[in-house]
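The primary structure of each chain is shown beneath.
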Amino acid sequence: MREYIGRAVRRLTGTRQATIDTIEPGSIMVAPRRPIDRFDVGAITEVLDLATKIGAVLLDSGTGAIDTSSQIRFVASIYGVEDVDVDVTYNTIVVVARRGATLPPITTMQTVHYRSLDFTRLAAVDRLVRRIRDSAITPSTAHRIVDQIIAAKHPYPYWVSTFAWGLMASGISVLLGGDVVVAVLAWLTTVVTVTFNRRLNRIGTPIFFQQVAGGFIAVVPAALVYELGEKTGLQSLSITPSQVIAAGIVVLLSGLSLVGSVQDAITGAPITGVARFFELLLMTGGIIAGVGIGLRLMSSVGIYLPTITSSTEFAPVDVPIRVASGAIAAFAFALASYAERRALPIAFLGGLIGAGVAAAASFLPVGDVIAAGLAATCVGLVGGLLARRALVPPLVVAIAGITPLLPGLAVYRALYGVLNDQTLTGLTWMAAALGVGCALAAGVTLGEFVARTLRRPRLPVAPDWARRRREARAARRRW
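Residues numbered from 1 in each chain as written. Predicted model: local features only at pLDDT ≥ 70, side-chain atom pairs only at ≥ 80, totals over all residues. Heavy atoms only, no water.

Next up on the list: the overall build of the chain. Within the chain, the regular secondary structure consists of 18 helices and three strands. Across the 479 residues that make up the chain, the buried fraction comes to 54%. Contacts in the chain between residues far apart in sequence, at least 24 positions, make up 77% of those at least 6 positions apart. As displayed, the chain offers around 22,400 Å² of accessible surface, 63% of which is attributable to carbon and sulfur atoms. (Helix = DSSP H or I, 4+ residues; strand = E, 2+ residues; numbered from the N terminus. Buried < 20%, exposed > 50% of the residue type's maximum accessible area, 1.4 Å probe, protein only. Contact = heavy atoms within 4.5 Å. Areas by Shrake-Rupley, 256 points an atom, 1.4 Å probe, with all protein chains shown as cover.)

The next subject is the pattern of salt bridges. Under the counting rule described, the total for this entry stands at five salt bridges. Note that Asp147 is salt-bridged to Lys53, the shortest N-O span being 2.9 Å. Within this pair, whereas Asp147 is found in helix H5 (residues 139-151), its partner Lys53 is found in helix H2 (residues 41-60), the two being separated by 94 residues in sequence. For Asp147, a relative accessible area of 36% translates into the label partly exposed. (Salt bridge = Lys/Arg side-chain N within 4 Å of Asp/Glu carboxyl O.)

Following the sequence through the fold, Val262 ends up in helix H10 (residues 258-267). Accessibility expressed as a relative area gives 11% for Val262, which makes it buried. Each C-alpha atom of the pair Val262 and Gly64 lies 9.0 Å from the other, and the pair is 198 residues apart in sequence. If we skip the residues at most four places from it in the chain, Val262 touches Cys438, Ala441 and Ala442.

The next point concerns the packing of helix H4 (residues 119-135) against H5. Where H4 meets H5, the closest approach of the two axes is 10 Å, and the angle between their N-to-C directions is 170 degrees. Judged by the angle between their axes, H4 and H5 are roughly antiparallel. Contact residues: Arg121, Ala124, Val125, Leu128, Arg131 and Ile132 in H4; Ala142, Ile145, Val146, Ile149 and Ile150 in H5. Residue classes in the contact of H4 with H5 are distributed as nine nonpolar, no polar and two charged. (Axes fitted to C-alpha atoms, helices over the stretch in contact; angles between N-to-C directions. Parallel < 35°, antiparallel > 145°, perpendicular 65-115°, else oblique. Nonpolar A, V, L, I, M, F, W, Y, C, P; charged D, E, K, R; others polar.)

Once that is clear, we can look at the nonpolar core. Ranked by internal contacts, the top residues of the largest apolar core, which has 119 residues, are Ile54, Leu128, Ile132, Met168 and Val291. The dominant element in this core, judged by the number of residues it contributes, is H2, at 10 residues. In this structure, Met168 is in contact with Val250, Val251, Ser254, Ala329, Ala332, Phe333 and Thr403, ignoring residues within four places of it in sequence. (Core = buried A, V, L, I, M, F, W, Y, C linked by side-chain atoms within 4.5 Å.)

If you walk across this open sheet you meet the three strands as E1-E2-E3, and the pairing is antiparallel. A single partner strand is all that each edge strand has here, and the edge strands are strand E1 (84-88) and strand E3 (106-111). Taken pair by pair, the neighbouring strands of this sheet meet at an average axis angle of 10 degrees, ignoring direction. Pairing geometry for strand E2 (residues 92-97) and E3, over six bridges, is antiparallel. (Pairing = 2+ DSSP bridges.)

What follows covers the packing of aromatic side chains. This structure, assessed with the given rule, holds five aromatic pairs. Both rings, one in Trp165 and one in Phe333, keep their centres 5.8 Å apart while their planes meet at 70 degrees; by these two values the pair is edge-to-face. With Trp165 in helix H6 (residues 158-175) and Phe333 in helix H12 (residues 319-336), this pair connects stretches of sequence that are 168 residues apart. In this pair, the class of Trp165 matches that of Phe333, namely buried. An aromatic cluster of three or more residues is present, and its members are Phe119, Trp165 and Phe333. (Phe/Tyr/Trp six-rings, centres within 6.5 Å; stacked < 30°, edge-to-face > 60°.)

Our focus in this paragraph is the packing of helix H9 (residues 241-254) against helix H16 (residues 408-419). Contact geometry of H9 with H16 gives a least axis separation of 8 Å together with a crossing angle of 115 degrees. H16 is crossed by H9, and the crossing has right-handed handedness. Contact residues: Ser242, Ile245, Ala246, Ile249 and Val250 in H9; Gly408, Leu409, Val411 and Tyr412 in H16. Here the contact of H9 with H16 is built from residues that sort into seven nonpolar, two polar and no charged. (Left-handed = near helix turned anticlockwise from the far one by under 90°.)

Burial runs high along E2: five of the six residues are buried. With five bridges joining them, E1 and E2 adopt antiparallel strand pairing. Following the sheet pairing, Val88 is matched in E2 by Ile93. In textbook terms, the turn of a hairpin is the stretch between consecutive antiparallel strands, and for E1 and E2 this stretch comprises three residues.

Turning next to the confidence of the model for the chain. Taken over all residues, the pLDDT of the chain has a mean of 79, while the share at 70 or more is 82%. Overall, residues 457-461 carries pLDDT values under 50, and its contacts beyond four positions in sequence, including any with other chains, amount to nine contacts. (pLDDT = per-residue confidence, 0-100.)

In this model, helix H11 (residues 270-300) (31 residues) spans 44 Å end to end at C-alpha, consistent with the 45 Å of a helix rising 1.5 Å per residue. Looking one or two residues past H11, Gly302 carries a phi angle of roughly 90 degrees, positive in sign. (Expected span 1.5 Å × (residues − 1).)

Below, the discussion takes up the side chain of Thr403. Along the polypeptide, Thr403 turns up in the loop between helix H15 (394-402) and H16. By relative accessible area, Thr403 is classed as buried at 3%. In this structure Thr403 touches Met168, Ile172, Val250, Ser254 and Phe333, once residues within four positions along its chain are discounted.

The subject of this paragraph is the side chain of Thr272. Among the secondary structure elements, Thr272 is positioned in helix H11. The class of Thr272 is buried, set by a relative accessible area of 2%. Apart from the residues within four sequence positions on either side, Thr272 is in contact with Ala65, Val88, Thr89, Tyr90 and Asp264.

We note that Tyr338 has phi near 60 degrees; this positive angle belongs to a residue other than glycine. Inspection of the secondary structure puts Tyr338 in the loop between H12 and helix H13 (343-361). By relative accessible area, Tyr338 is classed as buried at 3%.

On the surface, a nonpolar cluster with roughly 270 Å² of combined accessible area is contributed by Ile328, Phe348, Leu349 and Leu352. With three residues, H13 is the largest single contributor of residues to the nonpolar patch. By the element assignment, Leu349 lies in helix H13. (Patch = residues over 30% accessible without salt bridge, like charges linked within 9 Å, V, L, I, M, F, W, Y side chains within 5 Å.)

Structure representation (structure tokens):
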């Protein structure tokens, strides 16, 4: 039995390393290229510009500021530019190469613009860094590759992403206790929201107002179907609107940089962390405003939503279906974010782990915040190991795994309480939502740190080309 368990653990951890695992102090092998002459301004600028472009894609995809700066230094050191200072802020990357006391430093800067989530782009840059490390391709070739990555279209059509967002909302609604009707309504509502917001984005509408529109759309269909069921008495239309609305809120929250903001604050980049967290609060405020407008509009026409009774607690008989729905939601989020095919089953397992641990913790008197932290830690640990096994960026699994656990229902409860003269209850639920969100981000950061520590690399063996070069030199000396 011990042998089988050990074999399973070895298969889980594997022998492969994530790119970020190879960027540890003392583990970077000697640059395979001759160090660039400090008087060669053009060559140094070319390397710095390449490293900055790679860092911009990483930061834009949600990678933490510390990991981004580490990979920028790594790329520069591979090409022989080692005395480098990197400053990564919320949307700006500044890289400075020092050339001694008598020569002025060379500086490059890159502004990071917001783009939609595309995990394929993140994985492609991860492979490029591996190629730079292993093959020592020329900077010009690397420049051409990274430009192609940035300019490439999404790997899936828009309708696939839209369908996946709807599937994610359906999974969230079932996770919250909904039935088939609720799942279908959540799917339709989310498809309309994503389609409408995509059109708003094309005309340059600020994302805050896109969140307002999304929150508003999340309320109206659920309220209308609920009112229709009350008037007609149809049992099939007797739904719980909070489950549909909470699923829509989770979809709107899923694209925000919750993990990156807390990770930056924990790992030593507080300025970037505060900026990301403020953006998160602002976008959440847009969702709350949209939901509030929808609720007020419905009440003005005589449609009053019921008191919230839905709960995320798991009954023993409901555990399998809810855990499966959490895994499906994580899978759908990865697909909607254009993750590669190899990452989709890993994201499914990450969601399965997160929902399973949350289900188990619901039977213990630990509270929602601790339960969320435990689930996220397991997602960061086991998901990180699985991601390294499949050579998938661990960030993909981390974000997808905790997305089904985002506190959409707590946000709706908070707003419902405030709008119905239950201010204390509303503020309590808002604090609970904030605590769960921070616990999710901190837990997945801790789990990823442990996974990286378990996979801490040894000093790499010299590649074949370096061994052959040494043998050829030794042969020449003998002759």
